[in-house]
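What follows is each chain in one-letter form.
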Amino acid sequence: MDGEDGEDKPVKAVLSWTLNGQQELLLHEGDTAEVGREEGNDLILPVKNISRKHAVITWRNSHFEIQDLGSVNGTSVNETPVDNQPRVLKDGDKVSFDTIEATFSEHKQPQTALKKDDVRQTIIMKLGTQPSLVISTGPGEGRRILLREGVMTVGRATSKSENWDIALQDRSVSRPHARVENNHGIVTYTDMGSVNGTLHNGQLLTTAPVTLKDGDVLIVGETTLIYRGP
């Protein structure tokens with residue numbers, strides 16, 4: 001979203017590209033930016049070759065990482081394809097979303113140097129306080145699942161009597177597959193010994209719970225989910 005309502009935190013990095021003029025995405029510490037073709041993404045690239053949910057850029061472990069979300073035409077950094085393994089972004093990296101090339105730059109200048117009259121600048125607007133999972137790839141693409149307080153079970157939607165809290169129309173998902181617990185805004189995910197497992201930021205989970213952070217990517221069967229939290 002455009003504007004000047006971003007947090008007071010200093011800008012850590014800038015992603016710049018040209019599409020209908022020069023544009024920049026200002027990235028602050030803690031930001032998560034969903035990239036895609038349609039409204040609802042933080043970085044909207046209205047080009048038909050860009051997927052609805054194409055990639056995600058996340059602040060993690062004191063740096064920004066990028067991960068492809070199973071897009072049709074792919075994401076690359078310095079001409080190397082990015083898959084479901086997060087890729088650390090470094091100063092000067094060339095990031096390509098299909099044919100749209102952007103430059104990632106670490107920001108070290110005074111904040112006043114950011115303002116440019118001839119450049120359209122976008123900042124990340126924080127979501128509400130209720131944690132959620134967004135289906136970025138797979139059946140139900142674009143659906144946002146609000147995570148209520150307590151335990152919610154993830155499983156494959158069937159015509160039988162199972163009544164999962166989060167039912168996914170995905171044959172690769174087990175019955176049940178996982179458990180998500182929201183404990184006063186701290187959300188944990190536990191794979192329940194599913195047949196096909198769960199990838200968390202590219203790593204296969206055991207049955208031990210993991211605490212989710214804003215921008216984490218979960219691959220459950222053939223469904224990709226982005227966790228959005230406070």
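Residues numbered from 1 in each chain as written. Predicted model: local features only at pLDDT ≥ 70, side-chain atom pairs only at ≥ 80, totals over all residues. Heavy atoms only, no water.

1. Looking at the overall build of the protein
Link 1 in the chain: Across its full length, the protein carries 0 helices and 23 strands.
Link 2 in the chain: The principal-axis extent of the C-alpha atoms belonging to the protein is close to 60 × 35 × 25 Å.
Link 3 in the chain: Out of the 230 residues in the protein, the part that is buried amounts to 47%.
Link 4 in the chain: The long-range fraction of contacts in the protein, counting pairs at least 24 apart against all pairs at least 6 apart in sequence, stands at 45%.
Link 5 in the chain: For the protein, the exposed area adds up to about 11,700 Å²; of that, 46% sits on carbon and sulfur atoms. (Helix = DSSP H or I, 4+ residues; strand = E, 2+ residues; numbered from the N terminus. Buried < 20%, exposed > 50% of the residue type's maximum accessible area, 1.4 Å probe, protein only. Contact = heavy atoms within 4.5 Å. Areas by Shrake-Rupley, 256 points an atom, 1.4 Å probe, with all protein chains shown as cover.)

2. A short note on the side chain of Asn 201
Link 1 in the chain: On the secondary structure map, Asn 201 appears in the loop between β19 (198-200) and β20 (203-204).
Link 2 in the chain: On the accessibility criterion, Asn 201 (11% relative accessible area) is buried.
Link 3 in the chain: Excluding anything up to four places from it in sequence, Asn 201 contacts Arg 60, Gln 67, Asn 84, Gln 85, Pro 86, Asp 216 and Val 217.

3. Remarks on the pattern of salt bridges
Link 1 in the chain: Across all of its chains, the model carries 9 salt bridges by this definition.
Link 2 in the chain: A salt bridge links Glu 34 to Lys 53, with the shortest nitrogen-to-oxygen separation between them at 2.5 Å. Taken together, the residues Glu 34 in strand β3 (residues 32-36) and Lys 53 in the loop between β4 (43-44) and β5 (55-60) connect sequence positions 19 residues apart.
Link 3 in the chain: Residue Lys 53 is classed as buried on the basis of its relative accessible area, which comes to 9%.
Link 4 in the chain: Between Glu 38 and Arg 52 there is a salt bridge, with the nearest N and O atoms lying 3.1 Å from each other. Taken as a pair, Glu 38 in the loop between β3 and β4 and Arg 52 in the loop between β4 and β5 lie far apart in primary sequence, 14 residues in all. (Salt bridge = Lys/Arg side-chain N within 4 Å of Asp/Glu carboxyl O.)

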